[in-house]
Amino acid sequence: MQITSDASLQTRNTLALCAHSRALVSIESENALREALAWARANSTAVTVLGHGSNVVFAGDLSSMVLVQATRGRHCLDDDGSHVRLRVAAGENWHHLVEWTLSEGYFGLENLALIPGTVGAAPIQNIGAYGVELGPFMEAVHALRIDSGEAVTLSSEQCEFGYRDSVFKHRLRDQLVITAVDLRLPRVARLQLGYPALASALALRSEQEISARDVFETVVSIRRSKLPDPAAIPNAGSFFKNPVLQKQQAARLKAQFPDLPVYPQADGRDKIPAAWLIEYCGWKGHRENGVGVHPDHALVLVNYGGDSGACLLQLADRIAVTVRDTFGITLEIEPRVYGQCNG
Ligand code: FAD
Ligand code: EPU
């Protein structure tokens with residue numbers, strides 16, 4: 001096991017924020033993971049798990065040992081002709097997995113193309129995009145307990161998936177290192193074309209003409225046109241979750257702000273775009289102290305070279321205050337914050 005002490009994390013987070021961890025180990029096998037967890041226990045060192053760092057904010061240095069999940073492997077557990085069951089290692093690249101499933105004729109993940117990050121991180125916030133969430137395709141999550149090294153398997157129900165939410169953000173927060181996930185995918189495509197941006201991009205074609213590959217390519221092209229590439233402008237995607245309101249509260253706001261977009265949810269509540277609230281408050285394109293709000297998407301906070309997570313979080317705080325004062329809504333930060341602010 002190769003441990004790097006006082007390791008820089010700047011190239012290990014898509015916001016390119018400057019921070020160091022006490023120690024860092026790249027995990028390439030389950031044995032290496034067991035060894036690293038044993039070392040952390042023996043040295044009374046806390047553990048932080050990292051994938052590609054596309055949903056984290058480093059507010060300062062980490063006193064923990066960072067384990068970077070870099071395990072590889074995907075194989076078919078079984079195929080009954082109608083569905084296939086796959087086991088995929090946590091360190092696999094999510095987008096590469098989506099591409100591979102399509103090329104094999106396994107469907108369902110096409111709307112989730114181009115989401116950055118690893119397979120192991122995908123259940124943490126139940127990744128979602130363009131009208132589809134991971135949850136319905138997830139059959140099981142395999143993990144090791146950080147405190148004992150014990151292997152555990154959770155069923156999809158036990159993951160308690162919700163909008164950008166799961167048990168891994170609550171009761172099991174910081175308890176497990178996910179090692180692999182099992183997915184169950186249909187062999188016949190059932191396309192989900194309802195998301196407004198997707199529906200309008202495909203509006204000129206009839207449903208019979210559209211393939212899963214078309215959906216994949218359209219999602220990739222919409223995402224490229226809307227979201228800044230972190231390699232060019234460091235960012236963590238959406239910085240806040242979209243608020244989900246009770247119907248009455250959404251209706252009151254709609255009466256006051258007639259242009260407010262309102263998206264009805266299956267549970268009877270209404271989701272409203274945080275980007276609209278932030279843009280309405282005048283933040284879109286704002287820049288200060290080397291950080292800012294992207295000029296093309298108000299939900300994406302970017303690092304223009306400030307390198308400081310503290311500056312970014314100060315800006316996020318000020319945005320949240322104006323949104324609360326204007327709409328009475330408290331925005332919730334989507335990425336996980338580490339470092340001085342959060343331990
Ligand atoms: P990291 O950022 O490394 O980690 C995120 C959290 O998961 C951390 O708390 C970490 O401890 C935990 N974690 C990671 N791996 C493991 C593991 N193996 N075991 C236990 N815990 C683990 N998300 C969406 O849902 N939809 C989108 O459309 C979307 N678009 C994005 C666009 C851009 C440009 C960017 C930068 C981000 C976007 N995201 C989106 C967020 C991000 O891609 C996802 O949250 C992704 O799943 C994070 O993967 P990661 O490997 O980078 O995780
Ligand atoms: N909008 C604005 N101003 C903007 C951008 C958007 O007012 O600058 C409004 C428009 O009304 C638009 C609506 O917001 O119709 C929704 O915008 P978009 O389709 O870009 O989606 P989003 O709500 O901003 C969510 C996810 C994204 C995901 C897309 C597509 C959250 C927090 N974000 O963004 O996920 O890719 O939908 O499904 O749910 C991420 O989690 O990091 C992420 C990028």
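Residues numbered from 1 in each chain as written. Chains lettered and ligands numbered in written order. Predicted model: local features only at pLDDT ≥ 70, side-chain atom pairs only at ≥ 80, totals over all residues. Heavy atoms only, no water.

## Focus: the site of ligand 1
Around ligand 1, the structure places 32 residues, and the nearest of them are Val 49, Gly 51, Ser 54, Thr 118 and Arg 223. Interatomic distance of 2.8 Å between a backbone N/O atom of Gly 128 and a nitrogen atom of ligand 1. Interatomic distance of 2.8 Å between a side-chain N/O atom of Tyr 338 and an oxygen atom of ligand 1. Contact with the protein chains removes 93% of the 980 Å² of surface that ligand 1 exposes when unbound. Counted by class, the shell around ligand 1 contains 15 nonpolar, 14 polar and three charged residues. (Near = heavy atom within 4 Å. Polar contact = N/O pair within 3.5 Å; in protein donor to acceptor, adjacent residues only side chain to side chain. Areas by Shrake-Rupley, 256 points an atom, 1.4 Å probe, with all protein chains shown as cover. Nonpolar A, V, L, I, M, F, W, Y, C, P; charged D, E, K, R; others polar.)

## Comments concerning the pattern of salt bridges
Going through the model one piece at a time under the given rule, you end up with 16 salt bridges. Measuring nitrogen to oxygen at the nearest pair gives 2.9 Å for the salt bridge that ties Asp 174 to Arg 336. Linking Asp 174 in the loop between strand 11 (151-155) and strand 12 (176-186) with Arg 336 in strand 20 (residues 336-338), this pair joins segments that are 162 residues apart in sequence. Between Asp 267 and Arg 269 there is a salt bridge, with its nearest N and O atoms 2.9 Å apart. Residue Arg 269 is classed as partly exposed on the basis of its relative accessible area, which comes to 29%. (Salt bridge = Lys/Arg side-chain N within 4 Å of Asp/Glu carboxyl O. Helix = DSSP H or I, 4+ residues; strand = E, 2+ residues; numbered from the N terminus. Buried < 20%, exposed > 50% of the residue type's maximum accessible area, 1.4 Å probe, protein only.)

## Here we look at the domain arrangement of the chain
Partitioning the chain into structural domains gives domain 1 (4-69), domain 2 (74-186) and domain 3 (235-341). One C-alpha centre belongs to domain 1, the other to domain 2; they are set 21 Å apart. In this assembly, twelve residues from domain 1 lie in contact with 18 residues from domain 2. In this assembly, domain 1 packs against domain 2 so that about 1,200 Å² is buried in total across both faces, 63% of it on carbon and sulfur atoms. Area buried by domain 1 at its contact with domain 2 is led by Arg 41, His 52 and Gln 69, which between them contribute 39% of it. Seen at the junction of domain 1 and domain 2, the total is four residue pairs in polar contact (both at pLDDT 80 or more). Of all the elements in the fold, those that place two or more residues in the side of domain 1 that touches domain 2 are helix 1 (30-42) and strand 3 (47-50). (Domains from an automatic or database assignment. Contact = heavy atoms within 4.5 Å. Buried area = accessible area lost by both parts, 1.4 Å probe.)

## Description of the packing of helix 2 (residues 94-104) against helix 4 (residues 212-226)
When two helices pack together, you describe them by how their axes are tilted relative to each other and by the distance separating the axes. Across the interface, helix 2 lies against helix 4 with an axial gap of 10 Å and an inter-helix angle of 160°. Here helix 2 is positioned roughly antiparallel relative to helix 4, judged by the angle of their axes. Considering how the two elements wind past one another, helix 2 and helix 4 form a crossing that is left-handed. Across the interface between the two elements, His 95, Val 98, Glu 99, Leu 102 and Ser 103 from helix 2 touch Ala 212, Arg 213, Phe 216 and Val 220 from helix 4. Residues belonging to the contact of helix 2 with helix 4 are distributed by class as follows: five nonpolar, two polar and two charged. (Axes fitted to C-alpha atoms, helices over the stretch in contact; angles between N-to-C directions. Parallel < 35°, antiparallel > 145°, perpendicular 65-115°, else oblique. Left-handed = near helix turned anticlockwise from the far one by under 90°.)

## A few points about the site of ligand 2
Near ligand 2 you find 24 residues, and of these Tyr 130, Tyr 163, Tyr 195, Glu 279 and Glu 334 are the closest. Between an oxygen atom of ligand 2 and a side-chain N or O atom of Lys 226, the distance comes to 3.1 Å. With respect to ligand 2, the side chain of Glu 334 contributes an N or O atom lying 2.7 Å from an oxygen atom. The fraction of the free accessible surface of ligand 2 (820 Å²) that becomes covered by protein chains is 84%. Secondary structure elements with two or more residues in the shell around ligand 2: helix 4, strand 13 (235-238) and helix 6 (274-280). With three residues, helix 6 is the single largest residue contributor to the shell around ligand 2. Among the residues forming the shell around ligand 2, the class breakdown is twelve nonpolar, four polar and eight charged. Two domains each provide a minimum of three residues to the shell around ligand 2, namely domain 2 (74-186) and domain 3 (235-341).

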